[in-house]
Amino acid sequence: MANEKVCVTGASGFLASWLVKRLLEEGYHVIGTVRDPGARERLELKKAAQGAFDDIVQGCHGVFHVAAAVTLSYKDDPQTEIVDPCLLGTLNVLDACKRSTTVKRVVCTSSVTAVRVRNDFKPDDVLDESVWSSPDCCRAKQWIDHAGYVHLDDVAQAHLLAYTNPKASGRYVCSAINMSAIELASFTSKRYPKHKIASTDEIEVRWPANFKGFSSRKLQDDLGIQFKSLEQMFDDCVESLERKGLLHASNASVACMASKISTIVMIEALWVRLH
Ligand SMILES: NC(=O)c1ccc[n+]([C@@H]2O[C@H](COP(=O)([O-])OP(=O)(O)OC[C@H]3O[C@@H](n4cnc5c(N)ncnc54)[C@H](OP(=O)(O)O)[C@@H]3O)[C@@H](O)[C@H]2O)c1
């Protein structure tokens, strides 16, 4: 959609930087917020600070809220170090969008942790947009292992579809392939034999028997996404890591395979107001 202006929060992040690239390729004018601004062209980078979002989103047609305090560890208190910044940051952005006279739609990004943290799953359960994590299980850190993977190009495409499709509404699970850690190790060791992949008996299994995994049916049926294959996802990832000199035959492990691949993402499309 040429000449449309959109805002992406947390634009320097892993997911958001791929989304920004995709939006620029599609002709959008992108305003990215980062806490430490740097270079620009058809990309404007603005300082993200509390109270700054009214001016930033005014004039934008859409907002992709991707910024989040993403960390696997905390110093003292997860509430003040992770939960509060994410929650208050999101409310801050949504309030600014509500006050703006131009924003038509907000797309919020989060993790499948919004779905998978429960201790009452049955083996045949399929995890889709109707499932919500239990706050008690989150506090007790009870969850099943990551079980889904998606190409980063598809994550960016899913955001674009959630923004451009007039019918897009509510939550979307974005997961192309369900795979246990053991299946992943087996696939990668066969496909990339020159790399040292963790052997399947080194991997702890917390995947329930017959677990059906996550469903992106809604994203596929309602928004028409066509996911890239498992092979393309991992070939692109390995090629990208090799090109950057990050993957060496001597020390690579399955844990290195982060570039070009994301674990499952939750996307929420919100209509703010029709202008
Ligand atoms: N990576 C994945 O595979 C994956 C999978 C599933 C879901 N997700 C979800 O996707 C979203 C983004 O994840 P990501 O992996 O791209 O994270 P990331 O690389 O850490 O990017 C997040 C960005 O948010 C900004 N940020 C961090 N703390 C902030 C704070 N307190 N206030 C304002 N901005 C802050 C940072 O930008 P500045 O420092 O420049 O401000 C950072 O670059 C999250 O909701 C995550 O749960 C990611």
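Residues numbered from 1 in each chain as written. Predicted model: local features only at pLDDT ≥ 70, side-chain atom pairs only at ≥ 80, totals over all residues. Heavy atoms only, no water.

Caption draft 1: Spotlight on the pattern of salt bridges. On inspection of all chains with the given rule, the structure shows 12 salt bridges. Residue arginine 118 pairs with aspartate 120 through a salt bridge whose shortest N-O separation is 2.9 Å. With relative accessibility at 38%, the residue aspartate 120 sits in the partly exposed group. A salt bridge links aspartate 235 to arginine 191, with the nearest nitrogen and oxygen atoms 2.9 Å apart. Linking aspartate 235 in helix α9 (residues 230-243) with arginine 191 in helix α7 (residues 181-191), this pair joins segments that are 44 residues apart in sequence. Taking relative accessible area as the criterion, arginine 191 reaches 38% and is therefore assigned partly exposed. (Salt bridge = Lys/Arg side-chain N within 4 Å of Asp/Glu carboxyl O. Buried < 20%, exposed > 50% of the residue type's maximum accessible area, 1.4 Å probe, protein only. Helix = DSSP H or I, 4+ residues; strand = E, 2+ residues; numbered from the N terminus.)

Caption draft 2: The arrangement of the packing of aromatic side chains in detail. Going through the model one piece at a time under the given rule, you end up with 4 aromatic pairs. Taking 5.6 Å as the distance between ring centres and 70° as the angle between the ring planes, the aromatic pair formed by phenylalanine 187 and phenylalanine 234 counts as edge-to-face. Of this pair, phenylalanine 187 sits in helix α7 while phenylalanine 234 sits in helix α9, placing them 47 residues apart in sequence. As far as the burial class goes, phenylalanine 187 and phenylalanine 234 line up, both buried. (Phe/Tyr/Trp six-rings, centres within 6.5 Å; stacked < 30°, edge-to-face > 60°.)

Caption draft 3: Representation of the nonpolar core in the model. Core analysis: the largest hydrophobic core is formed by 35 residues, its most contacted members being Val8, Leu23, Val30, Phe64, Cys174, Leu219 and Ile267. Every element with two or more residues in this core is listed here: β1 (5-9), α1 (14-25), β2 (29-34), β3 (43-47), α6 (152-164), β7 (170-174), α8 (217-223) and β10 (265-271). With residues near it in sequence (within four places) discarded, leucine 23 still touches Val6, Val8, Tyr28, Val30, Phe64 and Leu160. (Core = buried A, V, L, I, M, F, W, Y, C linked by side-chain atoms within 4.5 Å. Contact = heavy atoms within 4.5 Å.)

Caption draft 4: Broad picture of helix α3 (residues 78-99). Given a rise of 1.5 Å per residue, 22 residues ought to cover 32 Å, and the 30 Å separating the end C-alpha atoms of α3 matches this to within 8%. In the structure, α3 departs most strongly from a straight axis at aspartate 84, where the bend amounts to approximately 40° and where the proline proline 85 lies between one and four residues downstream. Those residues of α3 not exposed but buried are Ile82, Val93, Ala96 and Cys97. Along its buried surface, α3 packs onto β1, α2 (53-57), β4 (62-65) and β5 (105-111). Measuring from the backbone nitrogen of glutamine 79 back to the side-chain oxygen at the start of α3 gives 3.1 Å, which picks out aspartate 77 as the cap. (Expected span 1.5 Å × (residues − 1). Bend = angle between axes of the 7 residues up to and from the residue. Polar contact = N/O pair within 3.5 Å; in protein donor to acceptor, adjacent residues only side chain to side chain.)

Caption draft 5: Examining the side chain of serine 216 more closely. Within the secondary structure, serine 216 is located in the loop between α7 and α8. Since its relative accessible area comes to 3%, serine 216 is described here as buried. Within the local environment of serine 216, its side chain forms a polar contact with the backbone oxygen of valine 173, the two atoms lying 2.4 Å apart. At 2.8 Å, the side chain of serine 216 and the backbone nitrogen of serine 175 are in polar contact. In this view, serine 216 contacts Val173, Cys174, Ser175 and Phe227; residues no more than four positions away in its chain are not counted.

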